[in-house]
Amino acid sequence: VQYPDSTTSPSKSATRRTTPSRLQTTKMSEESHPSATIIKRGAVNTALGSIFYLICDGRTNTDEDDGVSLPLLCFHMSPRSSDEYLEVLPLLAENNDRNNGRVVIAIDAPGYGASENPTRSCTIDDVSDAFLEVANELLGPDAPFAVAGSLMGNFHCVSLASRYPDRIRGGIITNPWYSLAAAASAETKEAAQNPSPSGSAIEDSYLLREDGSHLVELHDKRKSWLDPELNLRVVHSEMGYLINRRVRYAKGISIESADGYDFEAAVRSLCRTSFLCIKGQACAELFDKFGLDGTQRFEKACQLFRKNDEGKGVDGTTSFREDTLTGEKSTLNLVNQMPEEFAALCNNFLSECI
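Residues numbered from 1 in each chain as written. Predicted model: local features only at pLDDT ≥ 70, side-chain atom pairs only at ≥ 80, totals over all residues. Heavy atoms only, no water.

For the rest of this paragraph, the subject is the pairing of strand S8 (residues 274–280). A large share of S8 lies buried, amounting to 7 of its 7 residues. Two elements, strand S7 (residues 168–174) and S8, share 5 bridges in a ladder whose sense is parallel. Residue Gly 170 lies in a different strand from S8, and its bridge partner there is Ser 274. Bridge count for S8 against strand S9 (residues 320–325) is 6 bridges, and the pairing is parallel. Residue pairing across strands places Leu 276 opposite Arg 321, the latter belonging to S9. (Buried < 20%, exposed > 50% of the residue type's maximum accessible area, 1.4 Å probe, protein only. Helix = DSSP H or I, 4+ residues; strand = E, 2+ residues; numbered from the N terminus. Pairing = 2+ DSSP bridges.)

Here is the structure:
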């Protein structure tokens, strides 16, 4: 498998609709990343529109005989972007047991970050398939890889692993939000996927005010656990999402929410992919405080994986493990706030994924 190196763009895909833009490189400051790892930026045209990504190639060589580590695709929470993985990209790319590095790709979901709005209403599976198009373009159409997600991103991990077990060799879910309401009967799922007739405008609950207080509210939402710098980045992501949502809602274009996705059925369908669950103690407690039953929902999600794992061996079938990060920074933004601890857990898990 050939991956993009530090000087070249990926080759043109065999499919016409997937034509990545020329990658541009940015060098991280030595203060933020002592290794001054280069992070490249680009986009891939998919069935849902152009999808933006960050890619960090930490390999010291590309000889597969020397044990090139499994590539990793990262999916953000809502309403974040690939910026959620900015701190950990170099840590995940360079620090692993084989000392040969890996390719790590963080993707902006359609309608988030720098990605285009989807061209039509879509489900979580549809978006996940668009992510697979990105993987096919950058890694190769048959290349195996691992996936990592946070909150909303967890659903994309499970979606891909349950439907493409030959491609997905490992999954990492962070703060596993399992919607207890999503027993996902066919009727519920259909309603979630099609909230309005095709082409009809969708009402947006986010209201603009002349005094700008709607912007202040975005800042105030997370100021109790985020420092001003990170809060600015998170607000920037949410503003981009809200702007995109207004545009697509006006066109009647919707994206399936977590409440409409049958997470339980997808987990039951897992047959060969090993999973790691990373829970943030402060995140669960915060959700509990808001009346969202974070501790219960996180536990329910893990129970699904444990039940699915019962009686299964180590001969390529699923295996599941859990870890909990603690402390005041173990929030829903722990990937940004605890990058070293998060990367250490991920790298240890990925070292065992083949």
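This brings us to the confidence of the model for the protein chain. When pLDDT is averaged along the protein chain, the result is 84; 78% of the residues meet or exceed 70. A low-confidence stretch, residues 1–36 (pLDDT under 50), is modelled with 77 contacts involving residues beyond four sequence positions or located in other chains. Scored below 50 in pLDDT, residues 183–194 shows 13 contacts in the model against residues more than four places distant or in partner chains. (pLDDT = per-residue confidence, 0-100. Contact = heavy atoms within 4.5 Å.)

The next point concerns the packing of aromatic side chains. Aromatic ring pairs are described here by two measures, namely the spacing of the ring centres and the angle between the planes. For the coordinates displayed, the defined rule picks out 9 aromatic pairs. Centre to centre, the rings of Phe 75 and Phe 131 are 4.8 Å apart; their planes meet at 15°, and the pair counts as stacked. Linking Phe 75 in strand S4 (residues 72–75) with Phe 131 in helix H2 (residues 124–139), this pair joins segments that are 56 residues apart in sequence. Both residues of the pair, Phe 75 and Phe 131, count as buried. Seen from their ring centres, Trp 177 and Phe 287 are 5.0 Å apart, and the 90° between their planes marks the pair as edge-to-face. Note that Trp 177 is positioned in the loop between S7 and helix H4 (186–193) and Phe 287 in helix H8 (residues 281–289), a separation of 110 residues in sequence. Accessibility classification places Trp 177 together with Phe 287 in one group, the buried group. (Phe/Tyr/Trp six-rings, centres within 6.5 Å; stacked < 30°, edge-to-face > 60°.)

As for its placement among the helices and strands, Glu 352 is situated in the segment after helix H11 (339–350). The class for Glu 352 is partly exposed, based on a relative accessible area of 49%. For Glu 352 and Leu 70, which are 282 residues apart along the polypeptide, the C-alpha to C-alpha distance reads 9.9 Å. Side-chain polar atoms of Glu 352 contact the side chain of Arg 321, separated by 2.7 Å. (Polar contact = N/O pair within 3.5 Å; in protein donor to acceptor, adjacent residues only side chain to side chain.)

Evaluated as defined, the whole model comprises 18 salt bridges. Here Arg 59 ties to Asp 57 by a salt bridge, and the two come within 2.6 Å at their closest N and O atoms. Among the residues examined, Arg 59 registers a relative accessible area of 12% and is labelled buried. One network of salt bridges, with partners in common, ties together Arg 80, Asp 83, Glu 87 and Arg 233. (Salt bridge = Lys/Arg side-chain N within 4 Å of Asp/Glu carboxyl O.)

Approximately 1,100 Å³ is the volume found for the largest pocket. Along its surface, the largest pocket is lined by 38 residues, and Ser 78, Pro 79, Tyr 112, Met 152 and Tyr 241 are the ones closest to its centre. Counting only elements with at least two residues in the lining of the largest pocket, the list comes to helix H3 (152–163), helix H5 (213–220), helix H6 (228–250) and H8. Looking at the lining of the largest pocket, the element that brings in the most residues is H6, giving 7 residues. Residues of the lining of the largest pocket, tallied by class, amount to 24 nonpolar, 5 polar and 9 charged. (1 Å grid on protein atoms, 1.4 Å probe; cavity = no way out; pocket = protein on both sides within 12 Å on 5 of 7 lines; lining within 4 Å. Points joined across faces, edges and corners; volume = space filled by probe spheres on them. Nonpolar A, V, L, I, M, F, W, Y, C, P; charged D, E, K, R; others polar.)

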